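Below, each chain spelled out in residue letters.
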Amino acid sequence: MSVAIAPRRTVFGLTLGFPLALVLLAVLVALLKPLLPETLIRVPLNAVMPYDRWLQGLFDFITHDLGFGTLTRYISAGLEVLLDATGNLLFGKNRWPHIGPLPWTSVAAAMAVLGYALGGKKLAALAGLTFVWVALVGQWDLAMQTMSVIAVAAPLAIMAGLGLGILSWKSRSFEKALAPILAILQTLPFFTYLLPAVIFFKVGPTAGCVATALYALPPMVLMTTLGLKKVSPEVIEAGQMSGSTRWQMLRHVYLPSARTEILVGVNQAIMLSLAMVVLTAFIGMPGLGAKLLSLMNSLKLGRSFEIGVTIVLIAITLDRLSKAWVVKQPQHFERGTPWWRRNIYLLLALGVFALFWAIALVYPLAGVIPRGKDLSIGTQIDGVFDIVLNNPVLVAVTGWLRWFLITWVLIPFRDGLLWLPTTAVLCAIAAVGYAVGGRRSALLAAGFFAIVAATGWWDRAMITLYAVLSAVVIAACVGLPLGILAAQRKRWAEPILIACDTAQTFPSFIYLIPAIMFFGVNDVAVVFAIFIFATVPLMRYTIEGIRAVPEELIEAADMSGATRSQKLWKVQLPIALPTMAVGFNQAIMFAFFMVIIAAFIGTQDLGQELQKTLAGAELGKNFVLGICVALMALAFDHVLMKWSANRRKILGVG
Amino acid sequence: MNKCALLATISVLALCSSSALAEESADPIIIPIHNWSSQIVDSNVVGQILQSVGANVEYVTTDSQAVYESIRLGDVALEVEVWEGAFGKSFRAAQEKGGIVDVKTMNAVTREDWWYPSWTKEACPGLPDYKALNDCAALFATPETGDKGRFLGGPVDWLKHDQERVDALGLNFTVVNAGSAAALWAEIAAAEKDKKPIVLFNWTPNFVDAVWPGEFVEFPAWEDGCDVDPAKGPNPDKAFDCGNPANGYMKIAAWDGMEAKWPKAYVVLQKVDFTNAQLAEMAKMVDVDNMEPEDAAAKWLADNEAVWKPWTE
């Protein structure tokens, strides 16, 4: 491993010197706060332009004068037909084609066959039993309301993503134009997806569907482009030699070669759809999310928990099914194989489907489980939770934690951040940016924050930042040691990795349940919810980073007689750091996402203001706030990813 | 994919039943649902009454302020609970833009304001006067609020102007918003255990009346325009220097196309009328007896046929 000698003095790939000066400047500015003119402490009110009204004007112009509103209403009418059809099939909504609801036994059986076709017996059991559970606990209608939207939104996102992905692979300039839009789409808080969806596409399932599809779009685009770029020249040449037209090249050469990446994109699109569809409860989407929201609203934790289990089971099933599809190689049949042999699973699925339908005609319970006949024990769990959560020891522990965190950690940190002059914060951010990526990074990171300051939402933004940072720091204190411990022992690493992967597929909303359960409705619950959500990627990437350390290096360390802790600190951690930084980055992105959802618990940050805009239908303000959140997240993203890339270059890995 | 193929064949055999009522549209009447219990139950009650006269009804969960915009556009058909204090402003704004009609004012009288359970008065005897409340502010302090008193407000999307009022009247309180109505009740229950003083947002009609006796804080009386005109009320420089209306209306609002599209349902809607006691009972079935809102609505209808049957005739 050759370490290039850097021209400037560096520590861990960070350039020092000028940044140090900037840090000093920041400290100086902070210390001299009483002497500073108001302008340097906060952007003065009269310098804050009414961006929200300008944006609102722009939106009004697009909607009314350009007739965009009428256009989107036409689109939403079309979408409504599709949603009504899936709604009718899945939960018997009173619309065309008037066939549904499909018997739950038929659906469960067909899903089991699908599971078997994609991944064998285990997957068949998982897929089948998940749907049996859903029906038995009496959540079939709710789950199907949710699925009916995913069934439209996910394919929509996948098709659009595929198209955009192909376009940006074909044209370099298109890719360049699309990249920043995708970056912003991936960091915009979900409230900013919701409001325009409601205004342009009518309250209810159509708006939910549009918001969901948009939210699930970016990874599909990125993975498609990535896959197409990786197609090897030999394959392309072979295609050209056989005289394929451009369409044939795309259809029979490029797309099949990029199959794996595209399917990974499909998997992500489906999972993001599920995560978002639960959140669309905030704009009136019926289904599991709405029920969960209303149960948490009324603090019925046992029943919330039951719904949580359902959502998690569905998430795991969808994830495993689509991942199995990625791994499964396409089957090739010999010429002359009869049609029924090629489509044996399709026929089997149709067979069991029809069979159970027939059974349901005779035994109605196999078709629909009416309310009161289900086996839900949510009310009993409510009781159990009440007893457990009122246990004096637990109450004392959570009460003390709550008091300690609030008075000694959270409030001082929050007040400190709020006390700092804007200019000091900007200097500090520029310093970090400069240390990592030179002038460009410094300008970018500080520039993003400067825009936030210019919108006049600085104080709210600092409260958001405070929640994010406190939670991520706590997550690092817990997640990193656990990850390191797990990585040392092979036997633990595997199950923990699987647990992390599974936890990452859960819709974020789920993480609010334990937070509210233990801490009630206050700042600690907010931080706790973000904390569990952010710990997962931190642990995952720590384990992966350490496991990816080349065997030769470990052996070399062993041979030179390194102790365990020397090996860890001198070999494994330094090499794993770039990967761990990616985990850190993801934790922060997750935290920015979660902190906005936590507005539901009751925060006083940008998320609260965003939630208010939903009520007042203030599109302009909603966008200003949403972009503030996105810019802060992007500043972190840029700095951390840049550092990770630099580090990799220096280490000569990856 | 495979399901679709099967469905296509079956759909040929399926009977499409589209029984349209005479002149009454078969499109669903969409009723909005919000995040407090009485509204959810009485919306279901109205929905089930309309179904009993043959209407096709669907429910949609929406924001309680944004709903007036949705009614105006015809995306939802009606709103059963328009509270003067909470939604009067949004409702009036929507009326000015057009598209929404004031169907009727119900019997129920509403009030929503700062409220305290009775044990609070023992610690702070000057109540219900707001000046006395301000003098006792330290009694209401929590770790989160430091030395100021805590006022526990409703969810932010109810758009109360508590902070503005604190500023306008110079109150020594910090407004902390609960995430949900249930969080408010949980806080009262927690405070009851050791009789801790607490002041929070509450309203009537509500089941709370029956479970925890208490009183509203008396702020300077409401006068029209107090929320927009600084000159009104004791503080000449700021608006919101007054309490909410003490005898607020509760109205039913509807989309102005409803009468033409569903004339029969509209006639029924015009007769719907609830009292404070009825609304409190509906809220109690959900909040205290833990019933599902749909079931609570069905039970109320079964128990009160004498009340609602005449509305359908």
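1. A closer look at the domain arrangement of chain B
All names here are of chain B.
Right, on to step 1. The domain architecture assigned to chain B consists of domain 1 (28-109 + 248-312) and domain 2 (111-216).
Right, on to step 2. Each of domain 1 and domain 2 has a C-alpha centre, and the two are 29 Å apart.
Right, on to step 3. Contact residues are listed per partner, giving 18 residues for domain 1 and 15 residues for domain 2.
Right, on to step 4. Between domain 1 and domain 2, the buried area comes to about 1300 Å², and carbon and sulfur atoms account for 59% of it.
Right, on to step 5. Looking at the side of domain 1 facing domain 2, the largest losses of area belong to Asn35, Gln65 and Trp83, adding up to 33% of the total buried there.
Right, on to step 6. Put simply, domain 1 and domain 2 have zero salt bridges between them.

2. Considering the environment of A:Thr464
Residues and elements named next belong to chain A.
Right, on to step 1. As for its placement among the helices and strands, Thr464 is situated in helix α20 (residues 458-488).
Right, on to step 2. Residue class for Thr464 comes out buried when judged on its relative accessible area of 0%.
Right, on to step 3. Expressed as a C-alpha distance, the spacing of Thr464 and Met632, which sit 168 residues apart in the sequence, is 9.7 Å.
Right, on to step 4. Ignoring any residue separated from it by four or fewer positions in sequence, one finds Thr464 in contact with Phe592, Val595, Asp605, Leu606 and Met632.

3. Focus on the packing of helix α12 (residues 259-279) of chain A against helix α14 (residues 301-327) of chain A
How two helices sit against one another is set out by the angle between their axes and by the gap between those axes.
All names here are of chain A.
Right, on to step 1. Their axes nearest at 9 Å, the elements α12 and α14 cross at an angle of 170°. In terms of orientation, α12 lies roughly antiparallel with respect to α14. Across the interface between the two elements, Arg259, Thr260, Leu263, Val264, Val266, Asn267, Ile270, Met271, Leu274 and Val278 of α12 pack against Ile311, Ile314, Ala315, Leu318, Asp319, Ser322, Lys323, Trp325 and Val326 of α14.
Right, on to step 2. Per-class residue counts for the contact of α12 with α14 are 13 nonpolar, three polar and three charged.

4. Some points on the interface of chain B and chain A
Right, on to step 1. Taken together, the contact between chain B and chain A spans 43 residues of the former and 45 residues of the latter.
Right, on to step 2. Buried area between chain B and chain A, both sides added, is near 3600 Å², and the carbon and sulfur share of it is 59%.
Right, on to step 3. Counting the contacts that link chain B with chain A gives three salt bridges.
Right, on to step 4. With its nearest N and O atoms 3.5 Å apart, the salt bridge here joins B:Glu292 to A:Arg303.
Right, on to step 5. The tally of links from chain B across to chain A stands at four residue pairs in polar contact (both at pLDDT 80 or more).
Right, on to step 6. Breaking the side of chain B that touches chain A down by element, the ones donating at least two residues are α1 (2-13), β2 (57-61), α3 (67-73), β7 (173-177), α8 (181-193) and α13 (293-303) of chain B.

Definitions and limits used
- Residues numbered from 1 in each chain as written.
- Chains lettered and ligands numbered in written order.
- Predicted model: local features only at pLDDT ≥ 70, side-chain atom pairs only at ≥ 80, totals over all residues.
- Heavy atoms only, no water.
- Domains from an automatic or database assignment.
- Contact = heavy atoms within 4.5 Å.
- Buried area = accessible area lost by both parts, 1.4 Å probe.
- Salt bridge = Lys/Arg side-chain N within 4 Å of Asp/Glu carboxyl O.
- Helix = DSSP H or I, 4+ residues; strand = E, 2+ residues; numbered from the N terminus.
- Buried < 20%, exposed > 50% of the residue type's maximum accessible area, 1.4 Å probe, protein only.
- Axes fitted to C-alpha atoms, helices over the stretch in contact; angles between N-to-C directions.
- Parallel < 35°, antiparallel > 145°, perpendicular 65-115°, else oblique.
- Nonpolar A, V, L, I, M, F, W, Y, C, P; charged D, E, K, R; others polar.
- Polar contact = N/O pair within 3.5 Å; in protein donor to acceptor, adjacent residues only side chain to side chain.

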